[in-house]
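# Breakdown of the fold
Spelled out from the first residue to the last, the chains are:
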Amino acid sequence: MAKTAADVLIEGLIDWGVDIVFGIPGDGVNGIMEALRTHQEQIRFIQVRHEEAAAFMACAYAKFTGKLGVCLATSGPGGIHLLNGLYDAKLDGQPVLAITGLPFHDLNDTFTQQDVALDRLFMDVAAYNTRVMGPTHVENVTELACRTAIAYRKVSHIAFPTDIQDMKAERKTASKRNIKGHVSNVHAEGGHFPSDADLRRAADLLNEGKKIAILAGQGALHATDALEQIADKLGAPIVKALLGKAAVPDDSPFTTGGIGLLGTKPSQEALENCDTLLMVGSSFPYIEFMPKPGKAKAIQIDLDPARIGLRYDVEVGLVGDSRRSLEALLPLLHRKEDRSFLEKAQKGMKEWWEVMSKRSTHMEKPMKPQVIAHELGLRLRNDAIVSSDSGTITTWWARHILARRGQMYSCSGTLATMACGLPYTSAAQLAYPNRQCVAFVGDGGFSMLMAELVTAVKYKLPIIVVIIKNNTLGQIKWEQMVFLGNPEYAVDLAPIDFVKFAEACGATGFRIDDPKECGAILDRALAANVGGPVLIEAVVDPFEAPMPAKVTFEQAAKFTESLMRGEPNSKKIVATQIADKVRESI
C-alpha cells in the first residue's frame with residue numbers, strides 16, 4: 001500500500017529522532033493524526049487542552065532534553081494558538097518544529113472556512129517556514145525543517161493542506177528535478193570552537209584584569225565544572241542570568257546568584273565594580289545592570305556570532321561551545337594571587353543569604369511567599385526539574401529555591417510570558433519519567449492554562465504543582481507603583497479554590513496558609529504524587545513585594561507618589577518591608 005503524504009512526514013520525524021508530538025486533533029490535520037495512529041509504537045502523541053500549551057511543552061522538551069520539540073495544531077485558530085509558545089522558543093533559542101493544517105490546497109485564500117495563511121502568519125517566528133505544495137514535496141521540507149531547527153536552535157514551521165495529507169506519495173507524480181534518494185537525515189555538528197588567535201587575545205585580557213566578573217547564561221548550563229575552574233583561577237565571582245540558574249549550584253563558593261531586578265546585591269555590585277567581564281552563553285537583556293560603557297573590558301563566548309557584542313562592547317568574541325571554549329582558555333590563564341574581589345563578593349553573599357533566610361523563616365500570618373519557596377527548596381530531590389512561571393513568582397523561584405548540582409531549572413526567560421510553568425513541567429515529566437518535576441507558579445499564570453492539569457491527570461504524570469496564591473497580578477501591581485508612580489489598578493483577581501479544582505480534575509490537592517505548618521504539609525504533599533499530579537495551594541501575603549536588590553531614589557520617589565495619588569491599600573503597604581526600604585532611600 002502506497003504511503004500517504006502524512007506518512008512521509010511522520011516517518012521523517014522518526015528518522016530525525018522525534019519520539020513525541022504535543023497537540024490537539026482537528027479536521028485540518030486528520031491525515032497527520034491517522035499517520036500518528038499507525039506509527040504510535042514509534043512516536044507518541046500527547047493530547048493537550050490548548051494549543052498554546054502544546055507549543056510551551058515542545059519548547060520545554062527542547063530545553064530539558066536538547067532534542068527537537070514538535071507541536072501540532074489544526075488550521076486557522078489552532079495554528080494561531082501556537083504562536084505564544086513558539087515565540088517563547090524563538091526568544092530562548094530552542095529547536096522547535098510546528099506543524100499546522102491548512103484548508104484544501106485549491107481553496108486557500110478564497111475566504112473558505114479557517115482560511116488563515118499560517119505560513120505568512122509565522123514569517124517572523126519561524127526561521128524555516130513553508131507550505132506543502134504536493135505529496136512529493138513533503139520529504140524534502142521535513143528534512144530541511146528539522147535540520148534548520150536543530151542546527152540553528154530556532155523554530156521551523158510546516159503548513160500542510162488537509163487534502164494533500166491524504167494523497168499518495170507516489171514518485172510518478174514528482175517533478176523531473178525531484179530525484180529520489182537525495183534527501184539525508186544525517187545530523188551534522190559544526191566545530192563550535194574559537195580560533196587560537198582569539199583564545200590568546202581573550203587570555204591576555206583576562207590575565208591583565210584585576211577585578212574580573214563572569215556572567216553565565218543558559219549557554220553555559222553544560223559547562224559547570226569549567227566555569228568553576230575558570231572562576232577559581234581568576235578569582236572571579238560568577239553572576240548568573242535567569243536561564244543560567246543551574247549553570248553552577250547556588251552553594252558554590254564562586255557564585256553570587258542572579259542578576260537584574262530579581263537578582264542579588266553582590267551580583268549587581270560585582271558587575272558595577274569589575275574591570276573585566278567574561279560573558280559565557282548569555283544574552284541577558286537588561287543592559288542597565290551591565291557595567292557602564294567603557295568601565296570594563298569584555299570577552300564574550302557565544303555559539304551564535306550574531307550575538308557577540310549584542311549587550312556590551314566587547315574586546316574579543318569567542319564563537320563556539322561554552323564548555324569547550326572555557327576548557328581551551330584554562331591553560332592560557334594565570335592564577336590570580338589577589339583574591340580580594342572574589343572574597344568581597346563571598347562576604348556579600350554570606351550577608352545576602354542571612355537576609356534571605358530571615359525573610360524565608362518569617363512565621364507570622366499571612367504567610368510570606370518566601371517561606372513556601374524556601375521550604376520547598378529544602379525538600380527537592382537532587383534530580384528535581386523545577387519550572388517557574390512569570391511574575392512575582394519568578395523572584396521567589398530565583399532567590400529562595402537554591403539550585404543544587406544535578407537539578408534543572410527553567411522558565412520563559414526572554415519572552416517572560418505567563419502560563420508556561422505547568423506545561424513546562426508536564427513536558428519535563430514526559431521526558432524524564434523517573435525524575436521529580438515541579439511547577440512553581442502564581443495564581444494568575446496558572447489560571448490561564450489550568451485545564452492542562454487534566455492533561456497531567458490523563459497521562460498519570462506525578463508532577464508537583466505549587467501555586468502561590470495572592471489573588472493579584474503582583475508583578476503588574478508593583479510595576480504600576482514603583483516604576484510609574486501610579487496607584488494599583490485592575491490587578492485584583494477573583495479568588496479560585498484551587499484545591500477543589502484539583503480534586504475535580506482527578507488530582508490531589510493540599511492547602512497551606514500557616515507558615516508553622518508549611519514544612520509538614522509539604523512533606524505529605526510531596527509523598528502523595530504516586531500515579532498522578534499533586535497541587536499545593538499556598539495562600540500568601542498579597543502585599544509582599546518582589547524587592548530589587550537595590551532600591552533606587554527614582555523607584556522610591558515613584559512608590560511614594562503612588563501612595564499620595566490614592567493607592568487603595570496604602571495603609572497596609574506602608575507597614576511592609578518595601579516601604580521600609582523606600583524610607584531608607586529617600
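Scroll up to find the structure.
None of the values given here were measured: they were computed from a predicted structure. (Residues numbered from 1 in each chain as written. Predicted model: local features only at pLDDT ≥ 70, side-chain atom pairs only at ≥ 80, totals over all residues. Heavy atoms only, no water.)

## Considering unusual backbone geometry
Geometrically, the link from Lys 365 to Pro 366 is a cis peptide bond, its omega value of 0° lying close to zero. Counting through the fold element by element, Pro 366 comes out in the loop between α13 (340-360) and α14 (369-379). The backbone of Gln 114 sits at a positive phi, close to 55°, despite the residue not being glycine. By the secondary structure assignment, Gln 114 is in the loop between β4 (96-102) and α6 (118-121). (Helix = DSSP H or I, 4+ residues; strand = E, 2+ residues; numbered from the N terminus.)

## Brief notes about the side chain of Asp 541
Here Asp 541 shows up in the loop between β18 (534-539) and α22 (553-564). Setting aside residues no more than four positions away along its own chain, Asp 541 makes contact with Pro 366, Met 367, Lys 368 and Pro 369. (Contact = heavy atoms within 4.5 Å.)

## Structural notes on the pairing of strand β5 (residues 128-131)
Strand direction decides the pairing type here: β5 and strand β6 (residues 155-161), joined by four bridges, are parallel. Residue pairing for β6: Tyr 128 is matched across the bridge by Ser 156. Since β5 and β6 lie parallel, the crossover through helix α7 (residues 138-152) that links them has a hand, and here it is right-handed. (Pairing = 2+ DSSP bridges. Right-handed = clockwise from strand over helix to strand, strands pointing away.)

## What about the sheet that holds strand β10 (residues 276-280)?
A sheet is described by the order of its strands in space; here six strands give the open sequence β9-β8-β7-β10-β11-β12, paired in parallel fashion. Two strands close off the open sheet at either side, each with one partner strand: β9 (255-258) and β12 (316-319). Along the sheet, successive strands turn relative to each other by an average axial angle of 15°, direction set aside. Of the strands in this sheet, β7 (212-216), β10, β11 (297-302) and β12 touch helix α9 (residues 196-208), which is tilted by about 130° from β12. Where α13 meets the sheet, its contacts fall on β7 and β9, and the angle it forms with β9 comes to roughly 55°. (Axes fitted to C-alpha atoms, helices over the stretch in contact; angles between N-to-C directions.)

## Some thoughts on empty space enclosed by the protein
Any empty space left between the atoms is revealed when a probe the size of a water molecule rolls over them. Under the counting rule described, the total for this entry stands at three cavities of 30 Å³ or more. Space inside the largest cavity adds up to approximately 150 Å³. As for the largest cavity, its lining consists of 18 residues, and the residues nearest its centre are Lys 245, Asp 250, Gly 257, Gly 258 and Ala 398. Listed by contribution, the elements that provide at least two residues to the lining of the largest cavity are β9, α13 and α15 (392-400). Split by residue class, the lining of the largest cavity holds nine nonpolar, five polar and four charged. Reported here for the second largest cavity is a volume of approximately 50 Å³. Only α15 and α19 (474-483) provide two or more residues apiece to the lining of the second largest cavity. Looking at the lining of the second largest cavity residue by residue, the class counts come to five nonpolar, four polar and three charged. (1 Å grid on protein atoms, 1.4 Å probe; cavity = no way out; pocket = protein on both sides within 12 Å on 5 of 7 lines; lining within 4 Å. Points joined across faces, edges and corners; volume = space filled by probe spheres on them. Nonpolar A, V, L, I, M, F, W, Y, C, P; charged D, E, K, R; others polar.)

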